[in-house]
Amino acid sequence: MRVATEFPNIAQNYYSGLGREIDIITLRGSLELAPVLGLSDVIVDIVETGTTLRENNLSVMSVIAELSARLIANKSAYKFKGKKINEIIGRLASIDTDN
């Protein structure tokens, strides 16, 4: 099976755990086009809403891992750029994640 991904190590570890041998095709961006163009059988990608998958007649077959984003600032950066960091935090907090 051919797998297109930006995350070859994650894909290899996942399929090895299932006892499946795969050929990995490392691509950057627009992975959903790989199966459509016949480059791969499946893709391993990060999916937030699934809209792009549905637009390309694809669907989630399995979840490899749950992911979340984190904003990290070291003490020095926060001391000298705290105002800007707090501005970014405020902007992120105001984002409607349901849409």
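Residues numbered from 1 in each chain as written. Predicted model: local features only at pLDDT ≥ 70, side-chain atom pairs only at ≥ 80, totals over all residues. Heavy atoms only, no water.

1. Here we look at the overall build of the protein chain
Item 1. Counting secondary structure elements, the protein chain contains four helices and three strands.
Item 2. Going from N to C terminus, the protein chain has its helices and strands arranged as β-α-β-α-β-α-α.
Item 3. Expected size for 99 residues packed as a compact globule is a radius of gyration near 13 Å; at 18 Å, the protein chain overshoots this value by more than 25%.
Item 4. Seen through its C-alpha atoms, the protein chain measures out along the principal axes to roughly 50 × 30 × 20 Å. (Helix = DSSP H or I, 4+ residues; strand = E, 2+ residues; numbered from the N terminus. Rg over C-alpha atoms; globule rule 2.2 N^0.38 Å.)

2. Looking at the pattern of salt bridges
Item 1. Tallied over the entire structure, the rule returns two salt bridges.
Item 2. The shortest N-O distance in the salt bridge between Lys 84 and Glu 87 comes to 3.5 Å. In this pair, Lys 84 and Glu 87 are both assigned in helix H4 (residues 75-93), three residues apart and thus about one turn of the helix distant.
Item 3. On the basis of relative accessibility, which here comes to 47%, the residue Lys 84 falls in the partly exposed class.
Item 4. For Glu 87, a relative accessible area of 35% gives the class partly exposed.
Item 5. Between Glu 87 and Arg 91 there is a salt bridge whose closest N-O contact spans 3.2 Å. Pair noted here: Glu 87 and Arg 91 are both in helix H4, with a separation of four residues, about one helical turn. (Salt bridge = Lys/Arg side-chain N within 4 Å of Asp/Glu carboxyl O. Buried < 20%, exposed > 50% of the residue type's maximum accessible area, 1.4 Å probe, protein only.)

3. Notes on the nonpolar core
Item 1. Val 3, Ala 11, Tyr 15, Ile 22, Val 42 and Val 44 form the largest nonpolar core, which has six residues in total.
Item 2. Residue assignment for this core shows that the elements contributing at least two residues are helix H1 (8-17) and strand E3 (42-44).
Item 3. Ala 11 has contacts with Val 3, Thr 5, Ile 22, Ile 24 and Val 44, leaving out every residue within four places of it along the chain. (Core = buried A, V, L, I, M, F, W, Y, C linked by side-chain atoms within 4.5 Å. Contact = heavy atoms within 4.5 Å.)

4. Focus on the pairing of strand E2 (residues 23-26)
Item 1. With four bridges connecting them, strand E1 (residues 2-5) and E2 associate as parallel partners. Bridge pairing links Ala 4 to Ile 25 in E2.
Item 2. For the crossover that starts at E1, traverses H1 and ends in the parallel E2, the hand is right-handed. (Pairing = 2+ DSSP bridges. Right-handed = clockwise from strand over helix to strand, strands pointing away.)

5. With respect to the sheet that holds E1
Item 1. Overall, parallel pairing links the three strands, which are arranged E2-E1-E3 in an open sheet. In this open sheet, the two strands that pair with only one neighbour each are E2 and E3. Across the sheet, the mean angle from the axis of one strand to that of its neighbour is 30°, orientation sign disregarded. (Axes fitted to C-alpha atoms, helices over the stretch in contact; angles between N-to-C directions.)

6. Here's the deal with the packing of aromatic side chains
Item 1. Enumeration over the complete set of coordinates arrives at one aromatic pair.
Item 2. With a centroid separation of 5.0 Å and an interplanar angle of 80°, the aromatic rings of Tyr 14 and Tyr 15 are classed as edge-to-face.
Item 3. Given the relative accessible area of 22%, Tyr 14 is considered partly exposed.
Item 4. In this structure Tyr 15 comes out as buried when scored by relative accessible area, which is 10%. (Phe/Tyr/Trp six-rings, centres within 6.5 Å; stacked < 30°, edge-to-face > 60°.)

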